[in-house]
Amino acid sequence: MELLDRPLEDLCAEARALRDEGHGRLVTYSPKVFIPLTKLCRDVCHYCTFARPPRRGERAYVTLDKVLGIARAGAAAGCREALFTLGDKPELRYSAAREELAALGCETTLDYLHRAAAAVLEETGLLPHLNPGVMTREDVRRLRGVSASMGLMLETASERLSARGGPHFGSPDKAPRLRLDTIAAAGEERVPFTSGVLIGIGETRSERLEGLRAIRDLSERHGHVQEVIVQNFRAKPGTRMAAAPEPSLEELLWTIAVARILLGPSAHVQAPPNLSFDDFPRLLDAGIDDWGGVSPVTIDHVNPEAPWPELERLRAATESRGLELAPRLPVYPEWISGRWLDPQVMPAVLRASDSLGLAREDSWSPGEDGGIPFFPRDALPVDTRDELGEDELERLFRARGHERERVLAAADRLRREVCGDEVTYVVTRNIQYTNVCYFRCGFCAFSKGKLAANLRGAPYLVPHGEIIRRCEEAWERGATEVCLQGGIHPAFTGDYYLSVVRAISEAVPGLHVHAFSALEIWQGAATLGLPLEHYLADLRDAGLGSLPGTAAEILDDEVRRIVCPDKVTTAQWLEVHETAHRAGLRSNVTMMFGHVEQPLSWARHLIRAREQQRRSGGFTEFVPLPFVHMEAPMWLQGRARSGPTFGETLLVHAVARLALHPWISNVQVSWVKLGREGVAAALRAGVNDLGGTLMNESISRAAGARHGQEFPPEAMEELIRAAGRIPRQRTTLYGEVADERRLASFGALPLAEPWNPPVKDARLSAPPRLVRPGFAAALTRSS
């Protein structure tokens, strides 16, 4: 009774506090299309204009072609949800429905719904949310395989409203018991579910509380109710309730506030903005955290008289309360898991989602052609003067809208303080000496092995002679560095890596050898039975200058068990680099992001890199590597997101600058993955280094990147100057480049075609970790 008696102002204040406790500043909406599969219905709700009887010359059901046309228009407009709304079991009332279903080869409306939802999911990538009315558990189970979520408004828990004279009289599917049974069935079948109450149809406030408690009880029992809608009745001409009084705004705000209080801080509470017209911003004052579905393509077929507010108006209203608007999927982040989603649906959900489980903000992906969605704007920098811990870093990674601009501005300010306006780059050549590998990294489209034999390109192994030729050619073109990486060939021992370094050092002694990831070092030492410190000392003495920070991926073993289960662990990666630093070798640290991990893993990665740098001090730079998804096996298999969004990409560079200060002062951007426009934007987000000119690049290209293989010095410096910054060519260790080297790097002759001879005898099955005796010596002789 306390809720019935408390002042509205007090209820709203408590509701807002609970909303902020559970959801912070985030308010969501679902960009959707509305697909009215059929407007026939066996029920006769006295307030409804959606349902209507058959009309001569009109189809009972929307055709599949029209369904797909609506969905494709929505996909082109950036929608993520296909909302299927339809009348309840019209075939039980109308012969026209039965006859059309028979012609379609279906027995029931739910059969046709299954077919339509499956087609939308498969052909457009939109995620179906189904509102088909009362269902059995078997109905729910079948539709689960073609939908991301389902819904059924309880509307009311009052049986009284189904009696003669009530709004639900003559509507058997509006019986509260049947509707609660459907909500329970969805919980038993582990379906993310939407429900809610409809206010102003004759119920009392006590009956509203009864309905909300019934939904809460089912949610607590099954954990599946992902959002609760509080919808206000609007009188419609031509209905039996056309003259009925509508609930006041105060009644709506009261119901929203008590819903938030009853359901708690973590619940998602929604109210449709279009049904409150110009007063819709006030709904935020009662504690909602979601606006529901908003369509740029279709009308609200249930309330056609009430258009959705334009997105910018919705955003302005949200920001007027100090909140941030973000698009979401029909399934909320908390329910994106194998427990709640069918395996046939999960790939589409992952591909549409960002690192928070919300909808991707845009269509940008690393490595793809096309413009960037936004450029950083001037903003008041966020205060990050103290060292940032895990919680603070995760919060910064979640920034959106204006708060994100402030994070980028803080990183840009710190970059200016630490590095000035100088932007560095190195003239280097990448050599991937083999694409044969017996490890099973789910993100790698480059390596060739038994599990990757179908990917582009044949297995190859570059002989020593060709490696030397490429190094000599690079030297002639002004290079100061060669970067060597490749797959872990089953026949390689640590002697192979030593032989390559010796050959390069003897042939081109002035060329810095930046080579071999922690995986190659670990495997090389293991195959020779040597301690890491001994093997790294041997490599150093043979001419190795530094190590790339690749194979780090994400320094969080929970993630590594998914993306690279047989690779070195976090501790092993760190051990290799700490040992290298003790041996006098420098290295960098990379982070590949945008696949299966979340911002917490980014925070852990940065903290581990920072702690390692405190201990050993050998990292020269931090290099974020956005996941290029297009040809990656785990994306093709539906097990990964489509790379990071552009906003996430800039945030990772910016937060890295803030988190790693003052221990690592250089933050690099990958032009291969971001392209020229993306690089220019990153230069406003804490970046001070553009990495290498590369000359050849195979790994990102194999994954589908389209930004080329070489970024020559002329283009590098043009881009840097266009950003208002000062270019400086550097060495691997950030030293000055000799004038002779710099002059040779400009106007370089075109590269000869690289020779990657096929490996006809490459063993494509995973072998033991030991090696074929004498292989390295045979390679050297053959070169």
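Residues numbered from 1 in each chain as written. Predicted model: local features only at pLDDT ≥ 70, side-chain atom pairs only at ≥ 80, totals over all residues. Heavy atoms only, no water.

Draft legend 1. Focus on the overall build of the chain. Looking only at helices and strands, the chain features 27 helices and 18 strands. Over its C-alpha atoms the chain spans a radius of gyration of 30 Å, differing by no more than 12% from the 28 Å that the globule rule assigns to 783 residues. On the principal axes, the C-alpha backbone points of the chain span a range of 95 × 55 × 45 Å. Buried positions account for 62% of the 783 residues belonging to the chain. Counted over contacts in the chain with a minimum sequence separation of 6, partners at least 24 positions apart contribute 79%. Accessible surface, the chain: about 29500 Å² in total, of which carbon and sulfur atoms supply 51%. (Helix = DSSP H or I, 4+ residues; strand = E, 2+ residues; numbered from the N terminus. Rg over C-alpha atoms; globule rule 2.2 N^0.38 Å. Buried < 20%, exposed > 50% of the residue type's maximum accessible area, 1.4 Å probe, protein only. Contact = heavy atoms within 4.5 Å. Areas by Shrake-Rupley, 256 points an atom, 1.4 Å probe, with all protein chains shown as cover.)

Draft legend 2. Molecular detail of empty space enclosed by the protein. With the rule as written, the count across this model stands at two cavities of 30 Å³ or more. Approximately 80 Å³ is the volume found for the second largest cavity. Residue lining of the second largest cavity: Asp354, Ser355, Leu356, Glu361, Phe397, Arg398, Ala399, Arg400, Arg404, Thr645, Glu648 and Leu651, and that is the complete set. Of the residues in the lining of the second largest cavity, the class split is four nonpolar, two polar and six charged. (1 Å grid on protein atoms, 1.4 Å probe; cavity = no way out; pocket = protein on both sides within 12 Å on 5 of 7 lines; lining within 4 Å. Points joined across faces, edges and corners; volume = space filled by probe spheres on them. Nonpolar A, V, L, I, M, F, W, Y, C, P; charged D, E, K, R; others polar.)

Draft legend 3. Highlighting the nonpolar core. By size, the foremost hydrophobic cluster in this structure holds 119 residues, and its most contacted members are Ile467, Leu484, Phe516, Leu539, Trp573 and Leu690. Residue contacts for tryptophan 573: discarding those within four places in its chain leaves Ala518, Gly549, Thr550, Ala551, Ala552, Leu555, Val568, Asn588, Val589 and Phe619. Counting 88 residues, the second-largest nonpolar core is a separate cluster that includes Leu37, Leu110, Leu263 and Trp308. (Core = buried A, V, L, I, M, F, W, Y, C linked by side-chain atoms within 4.5 Å.)

Draft legend 4. Here's a closer look at the sheet that holds strand 17 (residues 689-692). Strand order across the open sheet formed by three strands is 17-10-18, with parallel pairing between neighbours. Where the open sheet ends on each side, the last strands, each with one partner, are strand 17 and strand 18 (726-730). Each neighbouring strand pair of the sheet contributes to a mean axis angle of 20°, computed without reference to strand direction. Bridge count between strand 10 (residues 422-426) and strand 17: two bridges; the pairing is parallel. Within the sheet, the bridge partner assigned to valine 426 lies in strand 17 and is glycine 692. (Pairing = 2+ DSSP bridges. Axes fitted to C-alpha atoms, helices over the stretch in contact; angles between N-to-C directions.)

Draft legend 5. Highlighting the side chain of threonine 424. Its place among the elements puts threonine 424 in strand 10. Among the residues examined, threonine 424 registers a relative accessible area of 3% and is labelled buried. A distance of 2.5 Å separates polar atoms of two side chains, one belonging to threonine 424 and the other to aspartate 689. If near-sequence neighbours (up to four positions away) are discounted, threonine 424 is found in contact with Asn688, Asp689, Leu690, Gly691, Arg728, Arg730 and Tyr734. (Polar contact = N/O pair within 3.5 Å; in protein donor to acceptor, adjacent residues only side chain to side chain.)

Draft legend 6. Seen up close, unusual backbone geometry. Following histidine 661, the chain continues to proline 662 via a peptide bond in cis, the omega torsion being 0°. Tracing the backbone shows proline 662 in the loop between helix 22 (646-660) and helix 23 (671-682). Even without being glycine, glutamate 553 reaches a positive phi, approximately 50°. Relative to the elements of secondary structure, glutamate 553 occurs in the loop between strand 14 (544-547) and helix 18 (557-563). One non-glycine residue with positive phi stands out, namely tyrosine 734, at about 70°.

Draft legend 7. Region of the structure containing the packing of helix 12 (residues 390-397) against helix 20 (residues 599-616). Put simply, helix 12 and helix 20 touch, their axes get as near as 8 Å, and they point 130° apart. Considering the angle they form, helix 12 stands oblique to helix 20. Both helix 12 and helix 20 take part in a crossing whose hand is right-handed. Residues Glu390, Leu393, Glu394 and Phe397 of helix 12 form the contact with helix 20, whose participating residues are Pro599, Leu600, Trp602, Ala603, Arg604, Leu606 and Ile607. (Parallel < 35°, antiparallel > 145°, perpendicular 65-115°, else oblique. Left-handed = near helix turned anticlockwise from the far one by under 90°.)

Draft legend 8. Region of the structure containing helix 23. Look at helix 23: only 10 Å from first C-alpha to last across 12 residues, short of the 16 Å you get at 1.5 Å a residue. In terms of burial, helix 23 is largely enclosed, as nine of its 12 residues are buried. Taken together, the buried positions of helix 23 are Trp671, Val672, Lys673, Leu674, Gly675, Gly678, Val679, Ala681 and Ala682. (Expected span 1.5 Å × (residues − 1).)

Draft legend 9. A look at the pattern of salt bridges. Scanning the entire structure with this criterion turns up 64 salt bridges. A salt bridge links arginine 728 to glutamate 422, with the nearest nitrogen and oxygen atoms 2.8 Å apart. Placement of arginine 728 in strand 18 and of glutamate 422 in strand 10 is noted, with a sequence separation of 306 residues between them. With a relative accessible area of 32%, glutamate 422 lands in the partly exposed category. (Salt bridge = Lys/Arg side-chain N within 4 Å of Asp/Glu carboxyl O.)

Draft legend 10. Main features of the layout of surface pockets. Counted as a void, the second largest pocket has a volume near 1000 Å³. Along its surface, the second largest pocket is lined by 40 residues, and Pro333, Ser355, Leu356, Gly357 and Arg398 are the ones closest to its centre. Of all the secondary-structure elements, those providing two or more residues to the lining of the second largest pocket are helix 2 (8-23), strand 1 (26-38), helix 12, helix 18 and helix 20. Its residues assigned to classes, the lining of the second largest pocket comprises 13 nonpolar, 11 polar and 16 charged.

Draft legend 11. Geometry of the packing of aromatic side chains. Counted according to the given criterion, the structure contains 16 aromatic pairs. Residues tryptophan 364 and phenylalanine 646 carry aromatic rings whose centres are separated by 5.0 Å and whose planes lie at 70° to one another, so their mutual orientation is edge-to-face. Taken together, the residues span a long stretch of sequence, with tryptophan 364 in the loop between helix 11 (346-352) and helix 12 and phenylalanine 646 in helix 22 at a distance of 282 residues. The class of tryptophan 364 is buried, set by a relative accessible area of 6%. Ring-pair connections join several aromatic residues into one group, and the members of that group are Tyr433, Phe492, Tyr496, Tyr497 and Phe516. The ring of tyrosine 734 carries the charged tip of arginine 730 above its face, separated from the ring centre by 4.1 Å. A cation over a ring is seen here: arginine 741 above tryptophan 475, with NZ or CZ 3.6 Å from the ring centre. (Phe/Tyr/Trp six-rings, centres within 6.5 Å; stacked < 30°, edge-to-face > 60°. Lys NZ or Arg CZ within 6 Å of the ring centre and 35° of its normal.)

Draft legend 12. Broad picture of helix 9 (residues 249-263). Across its 15 residues, helix 9 extends 21 Å between first and last C-alpha, which sits within 8% of the 21 Å expected from 1.5 Å per residue. Counting buried positions over the 15 residues of helix 9 gives 13, a clear majority of the element. Looking at the residues trailing helix 9, positive phi occurs at glycine 264, about 95°.

Draft legend 13. Structural detail: the side chain of arginine 470. With respect to the element layout, arginine 470 can be found in helix 14 (residues 464-476). Residue classification places arginine 470 among the buried residues on the basis of a relative accessible area of 3%. For arginine 470, the side chain forms a polar contact with the side chain of asparagine 756, separated by 2.6 Å.

Draft legend 14. Representation of the confidence of the model for the chain in the model. Mean pLDDT over the chain: 93, with 93% of residues reaching 70 or higher. This stretch, residues 699-703, has a pLDDT under 50; its non-local contacts, to residues over four places away or in other chains, come to 18 contacts. When the criterion is pLDDT under 50, residues 761-783 qualifies, and its contacts beyond four places in sequence or with other chains add up to 37 contacts. (pLDDT = per-residue confidence, 0-100.)

Draft legend 15. Highlighting the environment of glycine 87. Inspection of the secondary structure assignment puts glycine 87 in the loop between strand 2 (81-86) and helix 4 (95-103). Given a relative accessible area of 4%, glycine 87 falls into the buried group. Sequence-wise, glycine 87 and leucine 358 are 271 residues apart; in three dimensions their C-alpha atoms are separated by 30 Å.

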